[in-house]
Each structure stands twice: as C-alpha cells, then as structure tokens.
Amino acid sequence: MAQLTAIPSPTPARDLLTREEARARAERVRNAAYEIDVDLHADRDTFAATTGLTFDLEGVSEPLFLDFKGGNIAVLTVNGQSIAPDVRDNRLWLDPSVLQAHMSVSLAYESRFDDTGDGFHRFVDPEDGEAYVYSNFQPFAAHRLFPCFDQPDLKATYRLSVTAPGEWEIISAARPQSVERAAGGRRRHEFETTQRFSTYLLPLVAGPYEVVRTEHKGIPLGLFGRRSLARQLEQGADELFEITRQGFDYFADLFDQPYAFTKYDQLFMPEFNIGAMENVGAVTFHDSFLFRDPPTETQRLERAEVVLHELAHMWFGNLVTMRWWDDLWLNESFATYVSFLALTEATRFTGAWKTFNSSVKLGAYHADELVTTHPISADATDTETAVLNFDDITYGKGASVLKQLVATIGWDGFREGIRAYFRHYAWGTASLADFMAALEEGSGTDLGRWSALWLETASVNTIAAEVTIADGRIADLSLLQTAPAAFPTLRPHAMRIALVTERDGSLDIDALSVRIDGPQMSVDEARGRPAPVLVFANHGDHDYARELLGETSLAFTRERLAELGDPLLRQLLWTSLWDMVRDARLRSTDFLEICRRILPDETDLELVDAVLIRVGRCLADYVPGARRISESRVVLETALATLRKSRSSDARIVWMRAAIMAAATPADLEPLRALADGREVIDGFVVDQDMRWSLAMKAAAYGVEDAEELVAAERERDRSDRGVRAVIKAAAARPTVDSKAETWRRINAEGYGSYHLTRAAMQGFVWPSQRDLLVPYREPFFQELRGIFATHDYPFARSYLLNLFQDRWADPEMLERARQLLAELNPAETTLARQLSEEIDDLARAIRVRAYAESADQGSSPPG
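Computed from a prediction, not measured in an experiment: that's the story for all the values here.

## Examining the overall build of the chain
Next up, step 1: Regarding its fold elements, the chain presents 27 helices and 29 strands.
Next up, step 2: Its C-alpha radius of gyration of 28 Å places the chain within 12% of the 29 Å reference for a compact globule of 864 residues.
Next up, step 3: Nonlocal contacts in the chain, meaning residues at least 24 apart in sequence, comprise 72% of its contacts between residues at least 6 apart.
Next up, step 4: Entry remark: accessible area of the chain is about 31700 Å², with carbon and sulfur atoms responsible for 49%.

## Observations regarding the state of the cysteines
Next up, step 1: One pass over the full model with this rule turns up zero disulfides.
Next up, step 2: Cys595 forms no disulfide, and the closest cysteine sulfur to it belongs to Cys618, at a distance of 7.4 Å.

## Quick look at the side chain of Thr298
Next up, step 1: Secondary-structure assignment places Thr298 in helix H3 (residues 297-313).
Next up, step 2: For Thr298, a relative accessible area of 9% translates into the label buried.
Next up, step 3: What Thr298 contacts, discounting residues up to four positions off in sequence, is Leu605, Glu606 and Asp609.

## Structural notes on the environment of Ser451
Next up, step 1: The residue Ser451 is located in helix H10 (residues 448-455) in this model.
Next up, step 2: For the pair formed by Ser451 and Asp67, sequence separation is 384 residues and the distance between their alpha carbons is 34 Å.

## Observations regarding unusual backbone geometry
Next up, step 1: A cis geometry characterises the amide bond from Gln138 onward to Pro139, with omega recorded as 0 degrees.
Next up, step 2: For Pro139, the position within the fold is in the loop between strand S10 (131-136) and strand S11 (156-165).
Next up, step 3: Its identity is not glycine, yet Ser459 carries a phi of approximately 80 degrees, on the positive side.
Next up, step 4: Here Ser459 lies in the loop between H10 and strand S23 (462-470).
Next up, step 5: At Asp541, a residue that is not glycine, the phi angle is positive and equals roughly 60 degrees.
Next up, step 6: If you trace the backbone, Asp541 turns up in the loop between strand S28 (534-536) and strand S29 (546-548).

## Things to note about the sheet that holds strand S24 (residues 473-482)
Next up, step 1: As summarised here, the arrangement of the four strands in space is S27-S24-S23-S29, forming an open sheet in which the pairing is mixed. With partners counted over all chains shown, the strands left at the sheet margins are strand S27 (520-522) and S29, one partner each. Within this sheet the neighbouring strands show an average axis-to-axis angle of 20 degrees, counted without direction.
Next up, step 2: One ladder, built from three bridges, connects S23 with S29; its direction is parallel. What sits directly across from Ala464, in S29, is Leu548.

## Some remarks on the pattern of salt bridges
Next up, step 1: Tallied over the full model, the rule gives 77 salt bridges.
Next up, step 2: Here Asp541 ties to Lys361 by a salt bridge, and the two come within 2.6 Å at their closest N and O atoms. Placement of Asp541 in the loop between S28 and S29 and of Lys361 in helix H5 (residues 353-368) is noted, with a sequence separation of 180 residues between them.
Next up, step 3: Looking at Lys361, the relative accessible area reads 1%, which means it is buried.
Next up, step 4: The salt bridge partner of Arg597 is Glu559, with a shortest N-O separation of 3.9 Å. Highlighted residues: Arg597 in helix H13 (residues 588-598) and Glu559 in helix H11 (residues 551-560), separated in sequence by 38 residues.
Next up, step 5: Note on Arg597: relative accessible area 32%, which makes it partly exposed.
Next up, step 6: When its relative accessible area of 54% is taken as the criterion, Glu559 is described as exposed.

## A look at the packing of helix H4 (residues 328-346) against helix H8 (residues 411-425)
Each pair of packed helices gets described by two things: the angle between the helix axes and the distance between those axes.
Next up, step 1: It is at 14 Å that the axes of H4 and H8 come closest, and there the two elements cross at 130 degrees. The pairing of H4 with H8 is recorded here as oblique in orientation. Viewed along their axes, H4 and H8 form a crossing whose handedness is left-handed. Contacts from Leu330, Phe334, Tyr337 and Leu341 in H4 reach Trp411, Phe414, Ile418 and Tyr421 in H8.
Next up, step 2: Broken down by class, the residue content of the contact of H4 with H8 amounts to eight nonpolar, no polar and no charged.

## Details of the sheet that holds strand S25 (residues 492-503)
Next up, step 1: Spatial ordering of the open sheet is given by S26-S25-S28, a layout of three strands whose pairing is antiparallel. Edge positions in the sheet fall to strand S26 (506-517) and S28, since each has one partner strand and no second. The mean angle between the axes of side-by-side strands here comes to 20 degrees, regardless of whether they run parallel or antiparallel.
Next up, step 2: Strand direction decides the pairing type here: S25 and S28, joined by three bridges, are antiparallel. Residue pairing for S28: Val500 is matched across the bridge by Leu534.

## Thoughts on the nonpolar core
Next up, step 1: If you look at the biggest cluster of nonpolar residues, it comprises 157 residues, and the most contacted ones within it are Leu40, Phe146 and Phe435.
Next up, step 2: Of all the elements, H4 adds the most residues to this core, at eleven residues.
Next up, step 3: Among residues more than four places away in sequence, those in contact with Phe435 are Phe316, Trp329, Leu330, Phe334, Leu402, Ile418 and Tyr421.
Next up, step 4: One finds Val533, Tyr752, Leu825 and Leu843 within the second-largest nonpolar core, a separate group that totals 115 residues.

## A short note on the packing of aromatic side chains
Next up, step 1: Here the structure, examined in full by the defined rule, presents 60 aromatic pairs.
Next up, step 2: Ring geometry for Phe255 versus Phe422: centroids 4.9 Å apart, planes at 50 degrees, classification tilted. Placement of the pair is Phe255 in helix H2 (residues 230-255) and Phe422 in helix H8, with a sequence separation of 167 residues. Neither Phe255 nor Phe422 differs from the other in exposure class; each is buried.
Next up, step 3: Directly above the ring of Phe65 sits Arg91, whose terminal nitrogen or CZ lies 4.1 Å from the centroid.

## With respect to helix H24 (residues 778-791)
Next up, step 1: Here H24 spans 20 Å end to end across 14 residues, near enough to the 20 Å set by a 1.5 Å rise per residue.
Next up, step 2: The largest bend in H24 amounts to roughly 35 degrees and is located at Glu784.
Next up, step 3: Those residues of H24 lying buried are Arg778, Phe781, Phe782, Leu785, Ile788 and Phe789.
Next up, step 4: Turning to H24, the residues buried within the fold contact helix H21 (737-747), helix H23 (771-774), helix H25 (794-804), helix H26 (812-824) and helix H27 (830-854).

## Quick look at H5
Next up, step 1: In the structure, H5 departs most strongly from a straight axis at Lys361, where the bend amounts to approximately 35 degrees.
Next up, step 2: A large share of H5 lies buried, amounting to 14 of its 16 residues.

## Focus on the side chain of Thr831
Next up, step 1: With respect to the secondary-structure elements, Thr831 resides in helix H27.
Next up, step 2: A residue is classified by how much of its surface remains accessible, and Thr831, at 9% relative accessible area, is buried.
Next up, step 3: Thr831 has contacts with Glu384, Leu388, Phe789 and Tyr794, leaving out every residue within four places of it along the chain.

## Here we look at the packing of H24 against H25
Next up, step 1: At a minimum axis distance of 9 Å, the contact between H24 and H25 shows a crossing angle of 160 degrees. Judged on the interaxial angle alone, H25 and H24 are roughly antiparallel. Considering only the axes of H24 and H25, their crossing is left-handed. Two secondary-structure elements touch here, H24 through Phe781, Glu784, Leu785, Ile788 and Phe789 and H25 through Phe796, Ala797, Arg798, Tyr800, Leu801 and Leu804.

## Regarding the environment of Ile509
Next up, step 1: Position of Ile509 among the secondary structure elements: in strand S26.
Next up, step 2: Exposure remark for Ile509: the relative accessible area of 35% places this residue in the partly exposed category.
Next up, step 3: For Ile509 and Leu453, which are 56 residues apart along the polypeptide, the C-alpha to C-alpha distance reads 32 Å.
Next up, step 4: Discounting residues that sit within four places of it in the chain, Ile509 has contacts with Ala498, Leu499, Val500, His539, Leu564, Asp566 and Leu569.

## Considerations on the environment of Thr665
Next up, step 1: Relative to the helices and strands, Thr665 resides in the loop between helix H16 (649-662) and helix H17 (666-677).
Next up, step 2: Thr665 sits 609 residues away from Asp56 along the chain, and the two C-alpha atoms are 67 Å apart.
Next up, step 3: Beyond its immediate chain neighbours, meaning those up to four positions away, Thr665 contacts Ile629, Arg633 and Tyr702.

Conventions used here
For every chain, the first residue of its written sequence is number 1, and the numbers climb from 1 along that sequence. In keeping with the predicted nature of the model, local features appear solely for residues at pLDDT of at least 70, side-chain atom pairs appear and are counted solely at 80 or more, and the whole-chain, interface and lining totals rest on all residues. To obtain the side-chain values, all non-hydrogen atoms of the structure were used and water was disregarded. Helical segments are the DSSP runs of H or I of at least four residues, strand segments are the runs of E of at least two, and each set is numbered from the N terminus. In this setup the radius of gyration rests on C-alpha atoms only. A globule is expected at 2.2 Å times the number of residues raised to 0.38. Any two residues whose heavy atoms approach within 4.5 Å are treated as being in contact. Using the Shrake-Rupley algorithm and a 1.4 Å probe, accessible areas are obtained, with residue cover drawn only from the displayed protein chains. What counts as a disulfide here is a pair of cysteine sulfur atoms lying within 2.5 Å. Note on exposure labels: buried denotes an accessible area under 20% of the residue type's maximum, exposed denotes more than 50%, and partly exposed covers the range between, all computed with a 1.4 Å probe on protein chains only. The rule for pairing is simple: two strands pair if DSSP sees at least two bridges between them. All axes here are fitted lines through C-alpha atoms, helices being fitted over the stretch that makes contact, and every angle between N-to-C directions spans 0 to 180 degrees. Think of a salt bridge as a Lys or Arg side-chain nitrogen and an Asp or Glu carboxyl oxygen that are within 4 Å of each other. With respect to orientation, any angle under 35 degrees is reported as roughly parallel, any angle over 145 as roughly antiparallel, any angle of 65 to 115 as roughly perpendicular, and every other angle as oblique. Each crossing is labelled by how the near helix is turned from the far one, with a counterclockwise turn of less than a right angle marking it left-handed and a clockwise turn marking it right-handed. Residues were grouped as follows: Ala, Val, Leu, Ile, Met, Phe, Trp, Tyr, Cys and Pro as nonpolar; Asp, Glu, Lys and Arg as charged; and all remaining residues, including Gly, as polar. Only buried residues count toward a nonpolar core, which is a set of Ala, Val, Leu, Ile, Met, Phe, Trp, Tyr and Cys residues joined through side-chain atoms within 4.5 Å. Put simply, two rings from Phe, Tyr or Trp (the six-membered ring, in Trp's case) pair if the centres are within 6.5 Å, and we call them stacked under 30 degrees between planes, edge-to-face over 60, tilted for the rest. Charges are assigned to positions over rings by a cutoff of 6 Å between ring centre and Lys NZ or Arg CZ, combined with an angular limit of 35 degrees from the ring normal. Each residue after the first adds 1.5 Å to the expected span of a helix. Across the chain, bend at a residue is computed as the angle between axes fitted to the seven residues ending at that point and the seven starting from it.

See below:
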C-alpha cells in the first residue's frame, strides 16, 4: 500500500497571511493570470509542476512575495531572467531589482503531496490500491499546489494542463480543451482558460474515478466517485442529479442570474476534512455522502442540503466573493439560508426547517454561549483566525439571522436586494457594507442600526412571555427581552407568537405577528383571547433568540408536547427543553424520562432522530456518573422495544442506532449482537455495516472476550478504508495497559500513516468505561498539547484536543488543570487558547448540569 509513512509534517514557523499584508498587496497587484502544468504519477508521493504567472504591478521599489509552500524549486525565472529563489516562511520573495510594471514569473518545482485532507491531498484506496489526488484550498492552501497571491480579492484566470496515467479522469474548473497521448501510456489534458475567480476556488482532482454524466439546460453535469464506490455512485446518481437540477432552476430564478460557469461536476472524495467545498465548477464532497449503508430520509435531506449549499456558492461566493475573511459569513451564512429555502420550496424535503432548527440553529446557540463567541461579521486579522471562524456562528447563526432579516424587511425586499447585489458585484468582490447597501436598495429600509446590532455584536438574547389571566381570558401578555451581562445588547426582533388553546379536547394554534425592540412590550392583540395552555414566542422559527417557557407552558410541554399537530412547533419545544437541561433548570434525568415517554410514539422520524442525538449527549455529558449505566440501559431497552414494534425501515434504523449508542456494558451488547448475528430476526431488518462496526468497537472497548475475533470478522466483511480506520480505532479502544501505551506512543510519534488514520486512533482512545485506565494519560496530554499546536497542522491539533481531552466525566480536577494551562499560554498561542477555552466552557457546564441533576429539590438553584 503506497501510503506516506509519517504523521503530518510539522508546520514551519509561519504559514499565514495577515489582513494588512493582503490589503497592501492588493493595492499593488492587478490582472493576475496563471498557467499551471502538473505531472502526476500513480505510484509517487510527490508531483512535479511548472507555474507561469503574469500580472501588472504598481510600486516596484518595495519587495513583493508570492505565497508558496512548495518543495524543491528547480528553475525560477522572473521577466526572462533566471534568479536564485528566496523562499522564507512559505513565501517566495521577489527583490525590487527584478520588479517592473508588467511581471512574468515562472517556476519549475517538485512537491510532496499532503496527507492532511487540505492542500493537495493523496489517498491510496486499500481495497484496490488505486491512487486518488484532490485539492482543498479554503481558506489559505492554494499555495501548497502552486505559487500564487493566495487571497480572495486577487481574482485571476487559470489555464491548467495535467499529465497523468491514461486511465485517470482529470477534473478542474473549466472544460477540457484537448486530451493527447503522452509517453508511457499517459495522457496530457489541457483545459480552457477559466473565468476570473479567487485562488482558493481552483480545483484539481485526478484519479481512476467512475463517472456518471448528464446535462441540464445545456450545462454539462458530472458525478465522480472512486472505483470501489462505483455501485454507491450509480445508486445515488438519479437523486443527486434531481436535487441539482431543482437547485439550478431555483437559484437562477431567485438571483435573477443564470449559472455563470461552463459546467458543473460533483466529486466524492476520500479522507475529506469537511462536508464539501464549493470549487468553481467542480464541487468536492466527503464521500460518506455516497451511502454505503441504507440511509434514512433524514440523511438524504442532509445530503440534499449540502448539495444545494455548495450550488448556491456558485453565485454567492464564487461569482461574487468577499474581499477578505472578515466577511466569510457572506459566503457561508447566505449559502446555508438559501439552501434550506430551496429544500422547502423546490424539492420534496418540504419540512426541512425542522432540521435547520435541530442542527444548524442548535449548534449556533451553543457556539454563541461560549466564552469565545464573536460577531457574525468577525474580525479576521489573518488566515489562521479565518480558519477558526469556520464555525457555527458563521454558518448557523448567520443563516438564522438572515431568516430574521427576511422577517424584518419582507421577502420581496430581500429578494430584490440580493438581485441588486449580483447586478452590482458579479465577477468582483464585496464587503458587508456592500451587501447591506444592496438590501437597503431592494427593500427601501435603512438597515444601519439593524446591521450594527445583529451582525456586529455577539451572543444571543432570551425572550420570555408573561401572561396574566382573568376570567379565563388573557388580561395581559408581555414579552421580556434580556441579554447576558457580558454581552448586554438588546436587539429588534420580528416574530410570531403561538397561542395554543384547548376546546372540547382539541388544540388550536393561533399566531400573532409582533415586534419587540427593547426590554419589554405588551402585546395588545392578545388581550381578551382565551387563556392559552401554551405560549411560544417564536412560532415558525423566524427569530434568533432563546425562548423561555413560562410555568404553564412548561407543564404543557413536559406532559402534552406530543399532542401538537405542528411538527416544527414540537421541534422548537424540544429545543427549549434541551436549553433548560444545559442551563441546569431541568434535570438531565427528567429530560431522558420525557424522551422515553414521548419519542416511541412520535411519527416524525426526522424529529426523533434529532432528539435522540441529544439523548446521546445527555448520557455522555450530563447524567450523574452513578446513574450513567442505569440511565443508558433504560434508553437501550426503550430503543429495542420501539425497534421491535416498528414497521418503518427508517424507524428501525434510527432506533437501532440509538440502542447501540446507549449500550454501556458488555451485557448491553448481547441483544444487539443477537440481531447482528441472526440469533434474533426482525422481519425486513438487517444490521448494516456501520452498525456492525459500532458494535465491534464497543465490544473491544468493554473487553468482551471475543472482541478481537469480532473485529477480525468485520474486517473480512469490510475491506474498505472505513474498515482500516475502524480496526485502528478498535485497537486503540482495547482496555489494556499495553494497548493504551502503544497507541499513545504512536499518536505522539510516527502516527499511523496519514492524519486520518492517526485521527482514528485518537477517536478510539478515550472511553468512559476506562476512566481508571486512562488517568495516567491526563497529565501527559496537557504536557504535549502546546507542542502539538505549535508543530502540527490545524486539523491534527484540533483532533488531538477534542479526542484526547478526558472531559467526558466532568471532573473538577481536569477543569482546574485545563484552566492552569490556559493561564500559561502566551499571546501568540491564539488557536490553542480559543480551542481550549471552549473545552473548558463545556466542561464547566457539564459539571454544573450534573450537579443539578443530583440535587434533591427540582426548584433548587443551579450550582455556581
């Protein structure tokens, strides 16, 4: 297997670009054009390339640099003159003596492929030995493939040529112009010159991919997957093309702009770090979206959303691009919001706003309550900070606030505003001020104050409804708005208040449109209406705020939530209950009891799936340690009972996954293994391979006698890269002193061959059932952490922190040790400081929530 044999190489002292450096360079450089010629071989872990760059330059008396994290430069020519390369801190410096108004730079070089999922990544498929390479450049990694001005506002054209094995597909942003035979059975692919776009959006994907092609209104469409996933690609093609066509038509109409590029390919990549990347004309996806096991409708919805999100970027992000990463949200928030619009209005997934609330918005609320919260329009002083801002505020909160903006200015004004935005800035770059000005133009509304309050301040408001009843009717309904002491901003909110009343045993829902802009307002329209059994201040989920349930509404929610006919309202109330758990106002054990009582009869499986994710989080983080196993077992028993009576295939999948998640002891695994090996048969239900791996993993972690045989048997079933990672993870999970010692040594030394394989070992290392066994690694973890962040790429360092920090048991000693390390960090360790602060915040919350769940009195105050 031709894999690299070391963990990711240490990052040099500097591999970032500051905002000020980018601004200064953008003032000097114009009309950049790249010609890139790449030479690829299936059996080599290096590639050769030649890059030619022309551009116009102002200010030739000051040095200029190109970003370049390359390898060995064989030839460097500047304006026809061969010079010695000056490469420092991943920058190729050009001395004023070689600068002139019209520049031509050419390099020939050889570089090593990346193995971290970023840059120019190489993967060898363990099933058939085939090699695949792909690019992933956002926000600052194009210079790992070719020397360039790697910043979004220096758009350029690209002419790409690639020589590669004859059976390989080569995909980039433009259509192929010619394909010619080359020596050794190879082929040379030359592509058309592209339109102008930013460096981070240039794709290069190569390998023996399977391909399915079609077209839509003259636009060529392609789907690509590696050979070992050919069946999954074929099975998913019709649905993927259907969603894509629906998205093309919806967005072209919404934006009043046709698709701007020459073709549209969607490619499914192994070892991909993110869900997908919006490269011009060639979107790359994590290949888990080619479902290896039967998917639920929720999984199909989630895939469709990602497809539409990336397609929206072809307009918002690629056609018009933010000038700098301060306005990253202009890409991500917008694409997230309009992808859910397209789902609900143009596809079969008409109930997608439930998923928006349960995943996108829930993550935003969590991120906005952390000590590291930041405004939607973030201050990205450099590209390292930009990486950190790819978070749930940029995606989730920004999209939620755009939904609130539409509620504020109206749909017609929003639509006309974004159409004006594309008219003004197509093929260029824009800022937050430009975006808001276009919306003001479209809506006729002054948005200066709104933008300042919503986009340029941090944290989340809470809205509470206070109801006074007299003679069975509402005497007064007041809305109260509060904000955290650290972030005291009160904002204007446009919302709809649901009043749920009961008559003759049936429930009626009435909704009132209201606006609050301050700490309190009385809803005049509510006076005199029948006394409600539930008041909810965000009906339809148009606002971004936490809703505090009053005493009557909470009692109704706890006992009668399932009676509501509106599934989105049910989802919103589940979110409010979850907020109460995290705020230590509802015992985690009481939340689990509500879930066990209501969920088995819930007919909306998308909602069930979402709540069960919170059940898993509750068992892992928020249940008192003494009750973790017993509470887990009750969830397991509930899941199995519901699985056995279910007739829906999706329901069976959802409840089997929940049962596996809840299994906390070897005994818990027995009924699940009986289903897997056929000792118990449920007609029409098959335990899929992902479930089988989860069972094998837990068997290894719990020290089940035949665990090694079970892992080996699953490896025979699954020879894929997923199986390779699962075997590594299972080995790391073994509850023995020797296994832990060897796993720890390899993670911190030579690794397992690539970042993704080493991450599998990290993921398998920490288990709550192995608490005593893992105590010796607590202090070494803290001792190694600073060095890991100083010498490794961000994905590796982040995985190290998230997977090896033993915070699952809410241990006060771990909390204090983490705080001690945080206090020791110097100002330059910003990435570690931010990540560690978030872990400390979550750990402190878990300690409070567990302590509250152990308290004797439900009405007692949460512990400080």
